[in-house]
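Working through the structure, step by step
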Amino acid sequence: MVTDRARAAFLGLALGDALGATTEFMTPGEIRNQYKVHRQIIGGGWLNLKPGRVTDDTEMSLCVARAIVDRGGWDLPAIADNFLAWMKSKPIDIGSTCRKGIRDYLLSGNLEQPYSDNDAGNGALMRLLPTALYTLGDAALLRRCAIEQAHLTHHHPLSDAACLAFGKMIHAALSGADRFALHAIARDLIAAYPKFHFNDYRGHAGGYVVETMQTVLHYFFTTDSFENCLIGIVNQGGDADTTGAIGGALAGAFYGMEQLPRAWTKKLDPAVSVEVQRLAGELIRLSPSPGLRPPSPIGRGDS
Ligand code: MN
Ligand code: MN
């Protein structure tokens, strides 16, 4: 059950990325004129993608997930090395703050960027999911790992707060929490950082982590299915592949595999589909989450 939700979360992230890439940087009006409602994975967009192709949001999440699984546990230098190899592979897209942090790691080996006013983008949040899966069952471990992975490229209190709240929401959703419990986590975030309030959502869906979080939370809490949540998000345009990826991860964890639209999963790059599902299962297996380990052999001794 938990593993099923984890697979749906990572698949949901890739689906949201592939779906939203079509409308990235468009306005809602432009999307309406061109598609009426954008609701299928058709590629295109400013990157002129093949249908089902994913972008940096999924690719950086894969970098984190592969590092954890390959090393059998948390290994920040391994994550940074994967980011570096990915950057050198000339990815189809890369955010400027991510590029700056990875370049700094290349030049000086730094695993933590210093605080910067310019680091309140959504680049750390968009790749948080694997860390949330790996730390399931241990809130303190989530806190440490989420901040470490974020500060490889983004060091800003709003990014940190969004990462921690999103990680807690993923943990809760994987454990079967209802939407009231998830809403309480969102309210805690807003109590600490009122900027994140989304009850009068204005439709701003840019790369600023506050707008990203508002867009995801607004559509998650005002829809009743994975599909409607994602359609709402990506038709808002702006940083649509990234809001789609983050919303897809949350909605996937909450609604589970059977709610992922067949028309979308069929279109997703098959290699990505297979790998995210395998890695999701491995991350849960490595996590401290109770009830997933084989029973210990206590009591089977010398009776
Ligand atoms: Mn992207
Ligand atoms: Mn984006």
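To keep things clear, this report deals only with the structure shown in the data block. (Residues numbered from 1 in each chain as written. Chains lettered and ligands numbered in written order. Predicted model: local features only at pLDDT ≥ 70, side-chain atom pairs only at ≥ 80, totals over all residues. Heavy atoms only, no water.)

Using the criterion set out here, one finds nine aromatic pairs in the structure. Judged by centre distance (6.4 Å) and plane angle (55°), the ring pair of phenylalanine 220 and tyrosine 255 falls under tilted. Of this pair, phenylalanine 220 sits in helix α10 (residues 209-221) while tyrosine 255 sits in helix α12 (residues 240-255); the two residues are 35 residues apart in sequence, bridging distant segments of the chain. Comparing phenylalanine 220 with tyrosine 255 shows no difference in burial state: the two are buried. (Phe/Tyr/Trp six-rings, centres within 6.5 Å; stacked < 30°, edge-to-face > 60°. Helix = DSSP H or I, 4+ residues; strand = E, 2+ residues; numbered from the N terminus. Buried < 20%, exposed > 50% of the residue type's maximum accessible area, 1.4 Å probe, protein only.)

To continue, consider the coordination of the manganese ion (ligand 1). Protein coordination of the manganese ion (ligand 1) is provided by Thr55 (OG1), Asp56 (OD), Asp57 (OD) and Asp241 (OD), with donor distances spanning 1.9 to 2.3 Å. In the primary sequence, the donor residues of the manganese ion (ligand 1) line up as T-D-D-x183-D. Separating the manganese ion (ligand 1) from the manganese ion (ligand 2) is a gap of 3.6 Å, bridged by aspartate 241, which donates to each. Given a relative accessible area of 5%, aspartate 56 falls into the buried group. We classify aspartate 57 as buried; its relative accessible area is 0%. (Donors = N, O, S within 2.8 Å, 3.2 Å for Na, K, Ca; no water.)

Attention now goes to the side chain of glutamate 59. Among the structural elements, glutamate 59 can be located in helix α3 (residues 56-71). Since its relative accessible area comes to 16%, glutamate 59 is described here as buried. When sequence neighbours within four positions are dropped, the list of residues in contact with glutamate 59 reads Arg53, Val54, Trp86 and Pro91. (Contact = heavy atoms within 4.5 Å.)

Another aspect to go through is the coordination of the manganese ion (ligand 2). In ideal tetrahedral geometry, four donors around a metal make angles of 109.5 degrees, whereas ideal octahedral geometry with six donors gives angles of 90 or 180 degrees. Bound to the manganese ion (ligand 2) are the protein donor atoms Glu24 (OE), Asp239 (OD), Asp241 (OD) and Thr242 (OG1), situated 2.0 to 2.5 Å from the metal. Of note, the manganese ion (ligand 2) draws all its donor residues from one chain, in the sequence arrangement E-x214-D-x1-D-T. Judged by relative accessible area, which is 3%, threonine 242 ranks as buried.

Here we take up unusual backbone geometry. Positive phi, normally seen in glycine, also occurs at asparagine 48, with a value near 50°. Residue placement: asparagine 48 occurs in the loop between α2 (28-35) and α3. Residue class for asparagine 48 comes out exposed when judged on its relative accessible area of 66%. Of note in this structure, lysine 90 is not a glycine but carries a positive phi near 55°. Within the element layout of this structure, lysine 90 appears in the loop between α4 (76-88) and α5 (96-108). The class of lysine 90 is exposed, set by a relative accessible area of 71%.

This part covers the packing of α10 against α12. Two elements in contact, α10 and α12, have axes separated by 9 Å at closest approach and are oriented at 40°. Helix-helix and strand crossings are classified by hand; for α10 and α12 the assignment is right-handed. Contacts between α10 and α12 involve Thr212, Thr215, Val216 and Phe220 on the former and, on the latter, Thr243, Ile246, Gly247, Leu250, Ala251, Phe254 and Tyr255. In terms of residue class, the contact of α10 with α12 is built from seven nonpolar, four polar and no charged. (Axes fitted to C-alpha atoms, helices over the stretch in contact; angles between N-to-C directions. Left-handed = near helix turned anticlockwise from the far one by under 90°. Nonpolar A, V, L, I, M, F, W, Y, C, P; charged D, E, K, R; others polar.)

Taking 1.5 Å per residue as the helical rise, helix α9 (residues 179-192) with its 14 residues ought to reach 20 Å, and the 20 Å between its terminal C-alpha atoms agrees with that figure. Within the span of α9, buried status applies to Leu182, Ile185, Ala186 and Leu189. With its buried residues spanning 95° around the axis, α9 presents them on a single face. Exposed residues on α9 whose side chains face more than 90 degrees from its buried face are Phe180, Asp188 and Ala191. Against the buried residues of α9 lie α8 (157-174), α10 and α12. The N-cap residue of α9 is aspartate 178: its side-chain oxygen and the backbone nitrogen of phenylalanine 180 are 3.2 Å apart. (Expected span 1.5 Å × (residues − 1). Arc of directions from axis to C-beta. Polar contact = N/O pair within 3.5 Å; in protein donor to acceptor, adjacent residues only side chain to side chain.)

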